[in-house]
Amino acid sequence: MNKEDIYKGILLQVKFLFNEERDQTANLANTVAIMKSTPLPFFWIGFYIVQDNELILGPFQGLPASSRIAYGKGVCGTAWKEEKTQIVPDVHQFPGHIACNQFSRSEIVVPVFKNGKMVAVLDADSDKMADFDETDAHFIEQITAVVGENWNG
Ligand code: SME
């Protein structure tokens, strides 16, 4: 199965999830569990949620990670500041990258918007270099659009 088809399958499952259940924590947890259970290279995947002026770790799959990320810091904080998807082919080349573990090599961080306001980011890491591209961005942005439309935090 190619990457596009895997993402289309994820999108169907995530839409179904949000139609069936209203609880946000349950839905965010199942969203990352669905994504992690595919052959896509999500070594670590999880949400960071905007609370006051920080990003706080939300539901995730993978090794323990930083609990808090400041505005503008790391890849996640940069996605927040720029309100824009970040594709990082080599995390060691990203100024201020926050290393949550020694294995992550490339990363993609996609904002979640509710009514145009950024409320969270979805962060995915791979243990291989340059593992994410515009196709990942395109589909993960569709997934975060479903999350944002249903945001009730
Ligand atoms: N690398 C991220 C921090 C989160 S971990 O990857 C799970 C960053 O630089 O924002």
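Residues numbered from 1 in each chain as written. Predicted model: local features only at pLDDT ≥ 70, side-chain atom pairs only at ≥ 80, totals over all residues. Heavy atoms only, no water.

(A) Focus on the sheet that holds strand β6 (residues 117–126). With respect to topology, six strands assemble into an open sheet ordered β3-β2-β1-β6-β5-β4, the strand pairing being antiparallel. Each edge of the open sheet is held by one strand with a lone partner, namely β3 (68–70) and β4 (86–88). Neighbouring strand axes in the sheet, compared pairwise and without regard to direction, differ in orientation by 25° on average. Alignment of β4 against strand β5 (residues 106–114), held across three bridges, turns out to be antiparallel. Pairing of Q86 across the sheet is with V109, part of β5. Of the strands in this sheet, β1 (44–51), β2 (54–61), β3, β4, β5 and β6 touch helix α3 (residues 74–82), which is tilted by about 40° from β5. Sheet strands touched by helix α4 (residues 134–149): β1, β4, β5 and β6. Its angle to β5, the strand with the most contacts, is close to 30°. (Pairing = 2+ DSSP bridges. Helix = DSSP H or I, 4+ residues; strand = E, 2+ residues; numbered from the N terminus. Axes fitted to C-alpha atoms, helices over the stretch in contact; angles between N-to-C directions. Contact = heavy atoms within 4.5 Å.)

(B) Spatial organisation of the nonpolar core. Membership of the largest hydrophobic core comes to 31 residues, with the highest contact counts inside it found for Y7, I10, M35, F42, I140 and W151. Every element with two or more residues in this core is listed here: α1 (3–20), α2 (24–36), β1, β5, β6 and α4. Ranked by residues supplied to this core, first place goes to α1 with seven residues. Other than its neighbours up to four places away in sequence, F42 contacts Y7, M35, K36, A124, D125, F132 and I140. Counting 16 residues, the second largest nonpolar core, distinct from the first, contains I69, V75, W80 and M118. (Core = buried A, V, L, I, M, F, W, Y, C linked by side-chain atoms within 4.5 Å. Buried < 20%, exposed > 50% of the residue type's maximum accessible area, 1.4 Å probe, protein only.)

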